[in-house]
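# Summary of the model geometry
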Amino acid sequence: MPPATTEHTAPEHDPTTAAGSDLRDAFGRVRTEVAKAVVGQEGAVSGMIVGLLAQGHVLLEGVPGVAKTLLVRSLAAAMTLDTKRIQFTPDLMPGDVTGSLVYDASTGTFPFREGPVFTNVLLADEVNRTPPKTQSALLEAMEERQVSVDGDARALPDPFFVAATMNPIEFEGTYTLPEAQLDRFLMKLTLDIPPRDVEWQVLRRHADGFVPRDVRSAGITPVVGVDEVVRAQRAVRAVGARDDVLAYIVDLARATRQAPSVRVGVSPRGATALLAAAKAWAWLTGYDAITPDHVQAMVLPVWRHRLRVAADAELEGVGADGVLQQVLEQVRVPI
C-alpha cells in the first residue's frame, strides 16, 4: 500500500527486467520481515523504504506507544546494515552526535573518535528534545553526508539514512525543529492509533511472548544488504519522467504557494523531493517511469511538513494535509 493515507493508488504495473524484479522482490520481503514485529503500519513501512531508496531521510511523528522506534529497529533488523541509535535529550552536545577529538595520553595526540552518526541507519529518537545547536550538527550530516570536526570534513558511510521520531503532544522540554531542518527530511510519516482489530493483534503477540526490545525474537531475518540498497538506489535514479508529469509537479507546487490558507508554500527543493519519492515508489511498483498516480501518492508525506498554514486558517482547523488534498483536487492531471 502507498506510504501515505491517500485515495490515490498506482495502477497495475508492466513487467520489467528479471534482475530489477528480483531486486524489487527483495525489498518486498523486507516489508514481510518488518510485519513480523510491527502490526498495522504497512504504509509507514513502505514510506521508510521509499525514503531509503530515494536517498532521503524520514521523520516519524506519532503519540507515544504507536511503534515508531520499533518500526525503525525492525526495518534495520531486516537489512544487514550498520545501525545506531541516539536518544536525544536537552543536555546532548554536538560532539555526542558527530564524534570529537579525544586526547590520547600514550601518544600525546588528539585522534578523532567517531560518533554514532557514522552508520548506515541512524535512529534519532525524540529528535525535538535536543537544543538547536545539537540539531544543527545533525543537519550537516543529513544534507552533506559528512561531518566537520576541527576544520576537517569526514565522509559518512554510504548508504546513510536518518529515521527520526518526534512526539507531537509533549511540549515541555522540547525544541521546535527549525524549518531548514524540517526541509532536510524527505518525508514526514504520521503513525496513528491503530483500529481495534489491529490493537488486538498487538496484544495477542505480546501475550504469546513477543518482546519489543528484542526484535529478533519475532523471527526477523535480514534479506538485503548494503550492495542491494546501493543497486536499488541506482535503479531508482534511472526511473524516467515525462515532461508533462514534471510540469504536473511544478503546477502542484505553485498551487500550494497560491492557496489562500497557506503562509509559505512548497519550495523548488520540495518539488525535487516529490520527484525523488515518486521515482522510488514507481520503481517499487514495477514502473520504469513515474505517472501522476505515483506523484499523487507521495504528495502528503513529502509536502505536509514543508507547508506553513496561516494562523487564522489553523484556528479554523485547517491543516497541511487538508490543503494538499484540495490542491490535488484542483490541479489538472495530465492524461
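Inspection of the entire model under this criterion finds 11 salt bridges. Asp227 is the partner of Arg231 in a salt bridge, and the nearest nitrogen-oxygen pair spans 3.7 Å. With Arg231 and Asp227 both in helix 8 (residues 226–237) and four residues apart, this pair spans about one turn of that helix. The class of Arg231 is partly exposed, set by a relative accessible area of 34%. Across the pair Asp321 and Arg304 runs a salt bridge whose closest N-O atoms are separated by 3.0 Å. Pair noted here: Asp321 is in helix 13 (residues 320–330) and Arg304 is in the loop between helix 11 (292–303) and strand 13 (308–309), with a separation of 17 residues, a long-range link. One network of salt bridges, in which partners are shared, links Asp183, Arg269 and Arg306.

Below, the discussion takes up the sheet that holds strand 6 (residues 121–125). Ordered by their spatial adjacency, five strands build an open sheet running 3-6-9-1-10, and the pairing between neighbours is parallel. Here the strands that pair on one side only, and so sit at the sheet edges, are strand 3 (83–87) and strand 10 (187–190). Averaged over all pairs of adjacent strands, the angle between their axes in this sheet comes to 20 degrees, without regard to strand direction. Sheet topology note: the strand 1 (residues 58–61)/strand 10 ladder contains four bridges and is parallel. By the bridge assignment, Leu60 is partnered in strand 10 with Leu189. Along the sheet, helix 2 (residues 42–53) contacts strand 1, strand 9 (161–166) and strand 10; its crossing angle with strand 10, the most-contacted strand, is approximately 170 degrees. The strands touched by helix 3 (residues 68–77) are strand 1, strand 3, strand 6 and strand 9; relative to strand 9, the strand with the most contacts, the crossing angle is about 160 degrees.

Our focus in this paragraph is the confidence of the model for the protein. Interpretation of this model should avoid reading the predicted coordinates in detail wherever pLDDT is low. Per-residue confidence for the protein averages 87 on the pLDDT scale, and 93% of its residues sit at or above 70. With pLDDT under 50 throughout, residues 1–16 is counted as low confidence; its partners more than four residues away or in other chains account for 44 contacts.

Among the 10 residues that make up helix 3, eight are buried, leaving the element largely enclosed by the rest of the structure. Within the sequence span of helix 3, burial applies to Lys68, Leu70, Leu71, Val72, Ser74, Leu75, Ala76 and Ala77.

Our next topic: the packing of aromatic side chains. What the rule picks out here adds up to two aromatic pairs. With a centroid separation of 6.2 Å and 80 degrees between ring planes, the pair formed by Phe27 and Trp283 is classed as edge-to-face. Taken together, the residues span a long stretch of sequence, with Phe27 in helix 1 (residues 18–34) and Trp283 in helix 10 (residues 268–284) at a distance of 256 residues. Each of the two residues, Phe27 as well as Trp283, counts as buried. Here the aromatic rings of Phe112 and Phe118 are separated by 5.8 Å at their centres, their planes lie at 70 degrees, and the arrangement is edge-to-face.

Okay, the layout of surface pockets next. Sizing a probe to match a water molecule and rolling it over the atoms shows the empty space that remains. Taken as a whole, the largest pocket encloses approximately 700 Å³ of empty space. Around the largest pocket, the lining is made up of 27 residues, and of these Glu61, Leu182, Lys188, Arg308 and Glu314 lie nearest the centre. Those elements giving two or more residues to the lining of the largest pocket turn out to be helix 6 (179–182), strand 13, helix 12 (311–315) and helix 13. Its residues assigned to classes, the lining of the largest pocket shows 12 nonpolar, six polar and nine charged. Roughly 580 Å³ of internal volume is contained in the second largest pocket. Taken together, 29 residues make up the lining of the second largest pocket; nearest its centre are Gly65, Val66, Ala67, Lys68 and Leu70. Breaking the lining of the second largest pocket down by element, the ones donating at least two residues are helix 3, strand 3, strand 9 and helix 7 (196–207). Looking at which element gives the most residues to the lining of the second largest pocket, the answer is helix 7, with five residues. Of the residues that constitute the lining of the second largest pocket, the class distribution is 14 nonpolar, seven polar and eight charged.

Parameters and conventions
Residues numbered from 1 in each chain as written. Predicted model: local features only at pLDDT ≥ 70, side-chain atom pairs only at ≥ 80, totals over all residues. Heavy atoms only, no water. Salt bridge = Lys/Arg side-chain N within 4 Å of Asp/Glu carboxyl O. Helix = DSSP H or I, 4+ residues; strand = E, 2+ residues; numbered from the N terminus. Buried < 20%, exposed > 50% of the residue type's maximum accessible area, 1.4 Å probe, protein only. Pairing = 2+ DSSP bridges. Axes fitted to C-alpha atoms, helices over the stretch in contact; angles between N-to-C directions. Contact = heavy atoms within 4.5 Å. pLDDT = per-residue confidence, 0-100. Phe/Tyr/Trp six-rings, centres within 6.5 Å; stacked < 30°, edge-to-face > 60°. 1 Å grid on protein atoms, 1.4 Å probe; cavity = no way out; pocket = protein on both sides within 12 Å on 5 of 7 lines; lining within 4 Å. Points joined across faces, edges and corners; volume = space filled by probe spheres on them. Nonpolar A, V, L, I, M, F, W, Y, C, P; charged D, E, K, R; others polar.

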